[in-house]
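# Observations on chain architecture
Residue-level listing of the chains:
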Amino acid sequence: MRHLLAAADLTPSEIGFLLETAEGLKRAPRRLLEGRTLALLFEKPSLRTRVSFQVGMRHLGGETIYLAPQEVGLGEREAIQDVARVLARYVDVVAVRTYGQGIVEEYARHSGIPVVNALTDAEHPCQALADLLTLRERLGDPRGRSLAFIGDGNNVSSSLIVTAASLGMDVRLATPRGYRPDETVLAETGARAQASGGAFLLTDDPAEAARGADALYTDTWVSMGQEREAERRRVDFAGYQLNEALAARAAPGALIMHDLPAHRGEEITDEVIESPDSIVFEQAENRVWAQAAAVAFLLGLATPPV
Ligand code: CP
Ligand code: NVA
């Protein structure tokens, strides 16, 4: 049985297969998930992830059950392992949004059904799949094209760099020194870039990362659960705003990306997010198809050719 807990859980060829499956489903939805139910077990708020999973399941003939943050009390009202074992008796697959990566890992160890990481503090693989789907639609084969993430070495950037490096992209990451992703994520990104013929640059200089890039990506400086650090983070990230001056260093017509929710005037300016090169709403739309493909794959209903 397979889970999707981190971007590195998928091999480069599985990522390629998932993106092709997502493209096929987007062109012509099929009732692949007829009779299947997905539970959404969420301990943090969500707009996109929740709705895109629900709509994607419906497009493919499946159903969803949403469990809101105050309802389950994972590890508080009830032990994680008991929740996992109970839900597996009711549904076919579960998407978990929570805090520590250890929580989804523990959940998965006790789950008799596939578990999808719907965002933890460390990883957001569903977002990364939708982002690469969007880049493929815009750029064609992303091999050799450059993607610069400017900002926090957080869940979104960690999953993104591993996924983009898997597909042979020239990946650049600019973060302040104290905000780099985990060493294991950096090592995985480097190894995948080397294997795919891509590249990986880690820097604390946004201008160096942005130079000539085909796409510029940013995310909030204050992720869910970090509210108490907000003031310090706004100071530490002051030079990392995705604004017109930074965008001017990228390739002409460089794509502008953000997973949303965005904080205009903080990590990105109004002018940049509203520019004609912004693809942020395409990214949001593609969550539907990337996740539908991932669910079908984990349930063994879409299998790569051997
Ligand atoms: N991008 C994203 O995951 O958005 P939500 O937090 O609204 O689900
Ligand atoms: N890094 C952000 C992503 C939100 C989709 C957070 O974790 O809050």
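The structure displayed is predicted, hence computed values, not measured ones. (Residues numbered from 1 in each chain as written. Chains lettered and ligands numbered in written order. Predicted model: local features only at pLDDT ≥ 70, side-chain atom pairs only at ≥ 80, totals over all residues. Heavy atoms only, no water.)

### Considerations on the site of ligand 1
Quick reminder of the rule: Nearness is judged by heavy atoms alone; a residue qualifies as near a molecule or strand once a single heavy atom is within 4 Å of it. Pairs of N or O atoms are called polar contacts if they sit within 3.5 Å, as long as, within protein, a hydrogen donor faces a hydrogen acceptor (for residues adjacent in sequence, only side-chain-to-side-chain pairs). Using the Shrake-Rupley algorithm and a 1.4 Å probe, accessible areas are obtained, with residue cover drawn only from the displayed protein chains. Each residue is assigned to one class: nonpolar for Ala, Val, Leu, Ile, Met, Phe, Trp, Tyr, Cys and Pro, charged for Asp, Glu, Lys and Arg, and polar for all the others, Gly among them.
Taken together, Ser-46, Leu-47, Arg-48, Thr-49, Arg-97, His-124, Gln-127, Asp-259, Leu-260 and Arg-287 make up the full set of residues adjacent to ligand 1. Contact distances for ligand 1 include 2.8 Å between an oxygen atom and a side-chain N or O atom of Arg-97. Computed on the free molecule, ligand 1 has an accessible area of 260 Å², of which 95% lies beneath the protein chains in the complex. The class makeup of the residues in the shell around ligand 1 is two nonpolar, four polar and four charged.

### A word on the pattern of salt bridges
Under the convention used in this document: Each salt bridge in this description consists of a side-chain nitrogen of Lys or Arg and a carboxyl oxygen of Asp or Glu lying within 4 Å of one another. The way it works is that DSSP assigns letters per residue, a run of H or I at least four long becomes a helix, a run of E at least two long becomes a strand, and they are numbered from the N terminus. For the exposure calls, accessible area comes from a 1.4 Å probe over protein chains only, and a residue counts as buried if that area is under 20% of its type's maximum, exposed if over 50%, partly exposed in between.
The full count for this structure, using the stated rule, is 19 salt bridges. A salt bridge links Arg-145 to Asp-214; the shortest N-O distance between them is 3.2 Å. Of the two residues, Arg-145 is situated in the loop between helix 6 (125–139) and strand 5 (146–150) and Asp-214 in the loop between helix 9 (206–210) and strand 8 (215–218); the sequence distance between them amounts to 69 residues. The class for Asp-214 is buried, based on a relative accessible area of 17%. In this structure, Asp-270 engages Arg-264 in a salt bridge whose closest nitrogen and oxygen atoms are separated by 2.7 Å.

### Some thoughts on the site of ligand 2
In the region of ligand 2, the neighbouring residues are Leu-119, Asn-154, Asn-155, Val-156, Asp-219, Thr-220, Ser-223, Met-224, Asp-259 and Leu-260. Asn-155 is positioned with one of its side-chain polar atoms (N or O) 2.8 Å from an oxygen atom of ligand 2. Between a nitrogen atom of ligand 2 and a side-chain N or O atom of Asp-219, the distance comes to 2.7 Å. Considered on its own, ligand 2 offers 270 Å² of accessible surface; in the complex 94% of this is hidden by protein. Broken down by class, the residue content of the shell around ligand 2 amounts to four nonpolar, four polar and two charged.

### Points about the side chain of Thr-175
Heads up, the condition is: Contacts are assigned to residue pairs that have any heavy atoms within 4.5 Å of one another.
Checked against the element boundaries, Thr-175 lands in the loop between strand 6 (170–174) and helix 8 (183–196). With residues up to four places along the chain from it excluded, the contact list for Thr-175 reads Gly-151, Asp-152, Gly-153, Arg-180, Thr-203, Asp-204 and Tyr-240.

### Some words on a nonpolar patch on the surface
The criterion, for reference: A residue counts toward a patch only above 30% relative accessible area and without a salt bridge, and it is joined to like-charged neighbours within 9 Å or, for Val, Leu, Ile, Met, Phe, Trp and Tyr, to nonpolar neighbours within 5 Å.
Side chains of Leu-47, Val-51 and Val-55 sit close together on the surface and give an oily, nonpolar patch of about 230 Å² of accessible area. Secondary-structure assignment places Val-51 in helix 2 (residues 48–59).

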